[in-house]
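Here is how the chains run, residue by residue.
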Amino acid sequence: IARFGVDEYLRFCEQQSMTPIITTAFCKDHPRNVDPNDHPTGIRHSYVVSYLKTAPERVQLAADWVEYCNGSADTPYGKLRAQNGHPEPYGVKYWEIGNESYGPDPAGSCNADQYAKAFPAYVTAMKARDPSIKIVMNGHSAVDWSDTVLRLAGRHADAFQFHIYHTPRIHTTNAQ
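Residues numbered from 1 in each chain as written. Predicted model: local features only at pLDDT ≥ 70, side-chain atom pairs only at ≥ 80, totals over all residues. Heavy atoms only, no water.

1. Considerations on the packing of aromatic side chains
Keep this limit in mind: Aromatic contacts are taken between Phe, Tyr and Trp rings whose centres are within 6.5 Å, Trp giving its six-membered ring; a plane angle under 30 degrees counts as stacked, one over 60 as edge-to-face, and the others as tilted. Secondary structure elements are taken from DSSP: a helix is a run of H or I of four residues or more, a strand is a run of E of two residues or more, and numbering for both begins at the N terminus. Relative accessible area decides the class of each residue, using a 1.4 Å probe on protein chains only: under 20% of the type maximum gives buried, over 50% gives exposed, and in between gives partly exposed.
In this structure the tally under the stated criterion is 4 aromatic pairs. A centroid spacing of 5.5 Å and a plane angle of 75° characterise the contact between Tyr102 and Trp145, whose relative ring orientation is edge-to-face. Of the two residues, Tyr102 sits in the loop between β2 (94-97) and α5 (112-129) while Trp145 sits in helix α6 (residues 143-153), which places them 43 residues apart along the sequence. Trp145 sits in the buried class, given a relative accessible area of 5%.

As structure tokens, this is what we get:
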């Protein structure tokens, strides 16, 4: 059970004077169409199965999350945030669409073309809730992924983030 959620994270960032970035869930399909047997934790955790059956469409979920974090207490999700103990908007500026969307997760992974085609809808819906936010696009150390997403949807992104993973080379010596 998660005991450190978005409110705890954002309050921690406030207390430490840190600038948060929130990564929205990316899904190439509606969550209810995801086969729980293909999900990495679907078999082990019953809450994954129930969530996938009831989850909102991901673009809508991302927009609602922006409203929760940044909307006034007069908006439905801003009101919920206020009821959860934070009446003032958190003012989250940076939002990443998906995390390593090129990876092995069958629910959130896809090819570069699918990611690029879905990206503008996320940006439009999220910025409709708060036009001041900055949207970060997923990159990859594989040139073909990054070239494709930048070519097809880069104009919609405010920033580009890519992950490079290399195993460090450790040299040891037998110095006496």
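Anyway, onward from the coordinates.
2. Structural notes on the sheet that holds β2
Applicable threshold: When DSSP finds two or more bridges between a pair of strands, those strands are recorded as paired. To get an axis, a line is fitted to the C-alpha atoms, and for a helix only the part in contact is used. The angle between two axes follows their N-to-C directions and goes from 0 to 180 degrees. Contact criterion: two residues are considered in contact whenever any of their non-hydrogen atoms come within 4.5 Å of each other.
Within the open sheet, the 4 strands sit side by side as β1-β2-β3-β4. Their pairing is parallel. Two strands lie at the open edges of the sheet, namely β1 (21-24) and β4 (159-163), each paired on one side alone. Ignoring strand direction, the axes of neighbouring strands in this sheet form an average angle of 35°. Here β1 runs beside β2; their pairing, made up of 4 bridges, is parallel. Residue Thr24 lies in a different strand from β2, and its bridge partner there is Ile97. Where α6 meets the sheet, it contacts β3 (134-140) and β4, and its direction lies at approximately 145° from that of β3.

3. Considering the side chain of His86
We count it as follows: In protein, a polar contact requires one atom able to donate a hydrogen and another able to accept it; more generally it is a pair of N or O atoms within 3.5 Å, and residues adjacent in sequence count only if both atoms are side-chain atoms.
The residue His86 is located in the loop between α4 (76-83) and β2 in this model. On the accessibility criterion, His86 (10% relative accessible area) is buried. Polar side-chain contacts of His86 include one of 2.5 Å to the backbone oxygen of Glu88. Non-local contacts of His86, meaning those with residues more than four positions away in its chain, are made with Arg11, Glu14 and Arg81.

4. Brief notes about α6
Keep this limit in mind: Think of it as the arc spanned by the lines of direction from the helix axis to the C-beta atoms.
Of the residues making up α6, those classed as buried are Trp145, Ser146, Thr148, Val149 and Ala153. Take α6 and look down its axis: the buried residues cluster within an arc of 165°, on one side only. Looking at α6, the residues exposed on the side facing more than 90 degrees away from the buried face are Val143, Asp144 and Arg151. Along its buried surface, α6 packs onto α5, β3 and β4.

5. Re the nonpolar core
Counted only if it meets this: Here the nonpolar core consists of buried residues drawn from Ala, Val, Leu, Ile, Met, Phe, Trp, Tyr and Cys, with membership extended through side-chain atoms lying within 4.5 Å.
By size, the foremost hydrophobic cluster in this structure holds 27 residues, and its most contacted members are Trp95, Ile97, Tyr115, Phe119, Met126 and Ile135. Elements supplying a minimum of two residues to this core: α3 (58-70), β2, α5, β3 and α6. Element by element, the count of residues in this core is highest for α5, at 7 residues. Contact partners of Ile97, with chain neighbours within four places excluded, come to Thr24, Phe26, Tyr115, Phe119, Tyr122, Met126, Ile135, Val136 and Asn138.

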